[in-house]
Amino acid sequence: MSGQRIPGGTEIDRSRAIHFDFDGQRIAGFAGDTIASALIAAGVSVVGRSFKYHRPRGIWGWGPEEPNAIVDVTGDSHRPNCRATLEPARDGLTVRSVNGWPDAARDRLAVIDRFARFLPAGFYYKTFLWPNWRLFEPGIRAMAGLGRVRPGSAGFAAQAPEDARCDLLVVGAGPAGVLAALTAAEAGRDVVLVEQAPHAGGSLRLRQAQIDGMDGAAWLRAALARLAAAGARVWLRTCAFGVYDHGLVGLAQGVGDGARLVRLRPRQTILATGAIERGLPFANNDRPGVMSAEAALAYLRLQGVLVGRRVAVALASDAGLEPAQALAAAGAEVTLIDARGAAGQGALPCLSGRIAAVQGRDRVRGVTLDSGASLAVDTVLLAGGHTPSLHLYAQAGGKPVWDDRLGAFVPGHDPEGLSVIGAAAGHLALRAALTSAAAAVQGTAPGVPDAPHRPSLAVWPQPGMKGRVWVDLQNDVTAKDVELAAREGFASVEHLKRYTTLGMATDQGKTSNLAGLALLAEVTGRSIPDTGTTTFRPPFVPVPLATLAGLRAGPLVNPLRRLALEGEHRAAGATLREAGGWLRPAFYGAAPEAIQSEALQARLTVALADASPLGKIEIFGPDAAAFLDFVHYNTVSTLSPGRCRYVFVLTEGGILYDDGVLLRQGEEHFILSCSSSHVAGMHAHLEAWRQDQFPQARVMIHDTTPHWATLTVSGPKSRAVVAALASGLALDDGALPHMAFGWGWFAGTDLRVARVSFTGDRSYELSIRADRARALWLALREAGAPQDMTLLGGEALMILRVEKGYPIVGIDTDGATLPMDMGMSAPLTRKRADFIGRRSLMLDEAQRPDRPQFVGLAAEGAVPLPTGAHVLDLSGPAPRSDGFVTSSRFSPFLRRPVALAQLRGGAGRLGERVVVQHMGQRMGAVIVAPDQIDPEGGRLNAG
Amino acid sequence: MQSFPCPFCGPRPETEFRHDGEAGKLRPALSCTDSEWSLYLRARTAARGPSREIWTHLPCMETFVLQRDTLSHRVGEVAP
Amino acid sequence: MARHYSALALVREGLTGHKGWARAWEAPEPRRRYDVLVIGGGGHGLATAYYLARNHGITNVAVIERGWLGGGNTGRNTTAIRSNYFYPESAALYDLGLRLYEGLSRELNYNLMVSQRGNLQLAHSLHDVDMGARLVNAMQINGIDARWLGPDEVHTLVPILNRGPAARYRVHGGIFQPRGATARHDAVAWGYARAASRLGVHILQGCAVQEFLIEGGRCVGVRTPLGEIRADRVGMAVAGASPALAAMAGFRLPISSYTLQACVSEPVKPVLNTTLISPPLGTYVSQSGKGEIVIGGALDRVPSYAQRGNLPVLSQVLSGLLEMFPDFRQLRLMRQWGGTVDVTPDSSPILGPSPLPGLFLNCGWGTGGFKAIPAGGTLLAHLLAHGSHHPISRPFDLDRFTTGRLIDEGAAAGIAH
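Note that the structure is predicted; figures quoted are calculated from it, not measured.

### Some remarks on the environment of His-386 of chain C
Residues and elements named next belong to chain C.
And then number 1: Following the sequence through the fold, His-386 ends up in helix α9 (residues 373–386).
And then number 2: Judged by relative accessible area, which is 47%, His-386 ranks as partly exposed.
And then number 3: If we skip the residues at most four places from it in the chain, His-386 touches His-56 and Arg-233.

What follows is the structure, given as structure tokens:
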């Protein structure tokens, strides 16, 4: 039949047997097997079904280049689309083939292949037009995709990313990479050597070699020991998947079933990424049993797996000789087929010529040659030459150049800080690879006997080949598809790729890009270099999303800021919610009753709220006043020390960016209390303009927000509560009127007391060092008890400020709102000096009377208007929006709903009745002034 | 991930920086025309290749001018 | 020669080895002069040429493209088509695009795989709910299909969305546009190119603008590696390359060019049936017809023409995505890339005459150009045919930045900039 286990295998441990399930079949293997090697050893031929035509497919390769053996693996976690050639075989796994129904061996959709002639590349662009794509799409979507997501199953585990630096990064621990790393490390450089396989060695793992008189494996062992002794970091199971800006290399370092992201910044990078073996073009070259010769050698030497008994080895390169000889030595019947002509290879029978077609369906049965000769075989190994792996080189900005002798692209000029050695640079022979490695690090190459070999022959698919010749196995693209694309004018290599999907599968065309390109060149009458290559994009191999996401999950995604008094709030029964980037108390007790009762009580007696997130940015210096006059809409230089002013900050477009309260501490000292959600933005805004316009010594800015806790006491009884603190500050309205502030003393430190109100009632904002917040909180609660004080959450505060008509920037304003729209026009006429945004306020557009303006709305009825409802203009043929409700609540104090809105020309429409629409329902409302509770402002001083 | 040179702190990862616009824009006087104001406020060179830009290093708030290539991402001179 | 596409043609050609398919578009010798020249062979430019021929009978048209057609943002985007915008002007513009997409495959005789499985914008907080209501109502008043979905409805529509108690962003509901769609992006460029070519339009690839020909203060053509090409009117639809061309023409635009990143996972069987946007996480996601999960992320506001992804933005976008969809922890990233997007201060496009007479602009679509290709093409064609605005394009004229009459869709979301 096909594969079997035989003695040998340097990387398996026969003392540790394992078993796993593959499509219901129990597979035996050993530790050190990959899923692929265990399947081959168990005689499994068909491991998957091709994406489009559902053709049976077997294992092609032995590493990341594998196009066919994609499986879903379930153990402790579920991981779809794993590459069987990379997945370690572990005990107890459940492995499922993909894209076959019910499984790959018995796929009922295999019948599709009978209609293949009607389903060439791009066929779906030419049909499904009638009656509608919508009818066909669900069926086609259901057939697309390879593996399956299992909702509810754990996937890859989260790993913390790491940042690392080194002097020299060497990618690839094959002979060239090991030599370069070793030479550099022993010269005293800080070296990191990464290798995506679980073992170092590259080609030395499977091919015989003589280096410095030792055999390759011994040389490797000694070299690795010297590397360790020299302090080099050698990371196995670590794949360099991308080169990013300024030389940063993204590494996926294997951890368990997944990987950790390592962002490595090397001073210099050497790529020793090797070369990938190519296949050969002939009819039905996708059959199970057609494999890379090198892969067969790997399975034999590493895992003791003989891939077949009657084996044809088709050569266009001497690289196929060693696999052929090794398999023959292991007991297989091997025949060589040399595309370069038979030249007496020694003991093995050799035919001259090329394979024309393979027979067999679920497994190779035989081959026929161009000459007409045929052979009965169960395995066809292909040694079509090697393609240097230039992915990372190209990502770093390198431009590959065509090497006609090799029939491959090789690196051109080195990008800054990066060079390529070994097979990746086109030095496919060991001696040349080691020489290039030594040269890159100013070292000496070890002695390697000269190995004369015949030149390789580049065998590309030709136009007009008979039968179906595969170019891209995973996306099911044949030579005829490439010809069709060219015929239809998709002659650029990018168009070819996108039209046929060649190279766009999960293997990123590692075994197909060049063949497709060569055929396209031939068909369009251009040279290969003129046809170009497609852009290489990271990642080199698929990387788990979880690896890139790192540990940011759950609360670590945009983490919320927490209050110093959070414990107190929780103890008081608060429900905490996100507000402006902070976790803040929304209400205390059970909603919705708690919200209404807090808001009512606040107006009747007194309420206590935690306003600590309020920004406190200190600005001082001889030019502080001039600076703040420039930054603010309002004039602030006329503010007296000890006083506060409500201010707007605009963008240069004149848009209202933030509102706040400015306190003047002294001639040259101000404190800006900006809204809690804008603190970082305000600080950056101030600092940027300061650095642009004012010298460092004249204005200094310091954000002290986290240093201060601020507690607000508001209501008719608020003065009595604050007085009970006995802070030493005189609290009579003569000494401390509304919009003034002063300093007292509490808990051994300064207490700033500012009469600023966000509720419309008499209100005191008390600011103290954050580590004394709890003492102040407890003292205020105690002082408030005899006054029937309530705690005030964010929701109740919303009711109070909506009643009062106080806007919140970003809720009652949007990114087009100008200060005049909010009713604040005085600075524009009274202020002489220039300020940020002033020029924009002079545009005609800013002066239009029908701009959206800030108003209140009184609902007709007891139900609050829905926030987001639009006010309609019904004067024209179709309804248009005249504005929208920005805030809306039920007021327990007024016993009716209150709302705020932006309304076109609203300031001139007070008293007008309007129609409001929400989700298709209409209701009535009347336009009123925003302050619906105390337009005279008496409550600010009441109590 | 790019690395930018803060004149104060040295080379730091790009996530610590904020781009603050094209360097060399002069704020016109209030007497400018609507057109001149619009050009100052809105017009960009958006150079494809070498460009002079204003950057701020957020941890230290140092604002500086950086020469940078927007195509190759090469970083050039820094002026604090 | 098989020119017309149909299942019948496919069967016929299938029986005879597919030798008879005509070229999708011709590669003609350039003329010295055309009636209209369109710079930019992406979706917008090709659509413009098509509509010039079809709507206005102007076929003496050339589209010049410096690379290969559709190779810019048209070939790099995440294929979402929607018209859930706030202002009536935007609603008219984007819904024109969506309506044209709905019938486009048949009209072009090319299957663009326009798949209307809806577009859902998630609300993750009470504030989002309020802003969502504002948008849904605006859309409904503007005559655009929009529904508000409650959290249960959202979770029914998207079963794999995180509804665990530890979710960072709970779902409070969503804005759903049932007509929202995706399409095969390359096919849009190819479909327009083929249809335009069949109507006689010349498509010239590998033809970059080296210089504008300006005579008497008017743009009369361009100089290219293929020689001088003159035209009565010239239109520009080059997205991220707009500032460079503007500089050549002697003016500056209110445009910054940034890299917008996108990535795809390996293909899996269907698991996500609609297009989803989460504004606070800055992520949008859908599943392509091939099974790949297509992920788009927040704009990296660093001027760049490099068209490639970087790790910090990728990590940020993916951490948000995995928070929304814990099941995607099972997936791997297959490919990562970027495009150069031209962003205006108000996140609305620029359509209309440029400061250089004879040269007309279609640019500034930022991250939202793909959905508007049929609209941009229709409107630029109108401009080039008549020399003046279609009513839908007038509000998007460049002069709005001088008058201050911005159409600020970003502002409508509350962001002051």
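### Focus: the interface of chain C and chain A
And then number 1: The partner chain A presents 110 residues to the 103 residues of chain C that form the contact.
And then number 2: The contact between chain C and chain A buries some 9,100 Å² in all, and 57% of this surface belongs to carbon and sulfur atoms.
And then number 3: The largest per-residue losses of area from chain C upon contact with chain A belong to Lys-269, Gln-330 and Arg-332 of chain C, which jointly make up 10% of the total buried on that side.
And then number 4: Here Arg-332 of chain C makes a salt bridge to Glu-87 of chain A, at a shortest N to O gap of 3.7 Å.
And then number 5: Connecting chain C to chain A are 52 residue pairs in polar contact (both at pLDDT 80 or more).
And then number 6: Mapped onto the side of chain C that touches chain A, the elements with two or more residues apiece are α1 (7–15), α3 (88–108), α4 (126–141), α6 (185–198), α8 (311–324), β17 (332–343) and α10 (400–403) of chain C.
And then number 7: In terms of residues, the side of chain C that touches chain A owes the most to one element, α4 of chain C, which gives 10 residues.
And then number 8: Its residues assigned to classes, the side of chain C that touches chain A comprises 48 nonpolar, 33 polar and 22 charged.
And then number 9: Here strand β33 (residues 543–544) of chain A runs beside β17 of chain C; their pairing, made up of two bridges, is antiparallel.

### Considering the confidence of the model for chain B
All names here are of chain B.
And then number 1: For chain B, the average pLDDT comes to 94, and 100% of its residues sit at 70 or higher.
And then number 2: Mean pLDDT per element in chain B: strand β6 (residues 75–79) is the minimum at 90, and helix α1 (residues 34–42) is the maximum at 96.
And then number 3: Here the prediction assigns the complex a pTM of 0.95, and the interface score ipTM is 0.96.

### Quick notes on the sheet that holds strand β50 (residues 880–891) of chain A
And then number 1: One closed barrel holds the six strands; their spatial order is β48-β51-β50-β49-β52-β53 (chain A), and the pairing between them is antiparallel. For this sheet the average axis-to-axis angle between neighbouring strands, irrespective of direction, equals 45°.
And then number 2: With eight bridges joining them, β50 of chain A and strand β51 (residues 896–904) of chain A adopt antiparallel strand pairing. Directly across from Gly-883 of chain A, in β51 of chain A, lies its bridge partner Leu-903 of chain A.
And then number 3: Against the sheet, α4 of chain C touches β49 (870–873), β50 and β52 (913–918) of chain A, its axis set at about 20° to β49 of chain A.

### A look at the pairing of strand β21 (residues 333–338) of chain A
Residue and element names in this part refer to chain A.
And then number 1: Of all six residues in β21, five are buried, a share of seventy percent or more.
And then number 2: Judged from the six bridges that link them, strand β20 (residues 310–315) and β21 form a sheet pairing that is parallel. Bridged to Ala-314 within β21 is Ile-337.
And then number 3: Taken together, β20, helix α6 (residues 321–329) and β21 form a β-α-β motif whose crossover is right-handed.
And then number 4: Two strands pair when backbone bridges link them, and β21 and strand β22 (residues 350–352) are joined in this way by three bridges, in the parallel orientation. Directly across from Leu-336, in β22, lies its bridge partner Cys-350.

Scoring rules and cut-offs
Residues numbered from 1 in each chain as written. Chains lettered and ligands numbered in written order. Predicted model: local features only at pLDDT ≥ 70, side-chain atom pairs only at ≥ 80, totals over all residues. Heavy atoms only, no water. Helix = DSSP H or I, 4+ residues; strand = E, 2+ residues; numbered from the N terminus. Buried < 20%, exposed > 50% of the residue type's maximum accessible area, 1.4 Å probe, protein only. Contact = heavy atoms within 4.5 Å. Buried area = accessible area lost by both parts, 1.4 Å probe. Salt bridge = Lys/Arg side-chain N within 4 Å of Asp/Glu carboxyl O. Polar contact = N/O pair within 3.5 Å; in protein donor to acceptor, adjacent residues only side chain to side chain. Nonpolar A, V, L, I, M, F, W, Y, C, P; charged D, E, K, R; others polar. Pairing = 2+ DSSP bridges. pLDDT = per-residue confidence, 0-100. Axes fitted to C-alpha atoms, helices over the stretch in contact; angles between N-to-C directions. Right-handed = clockwise from strand over helix to strand, strands pointing away.

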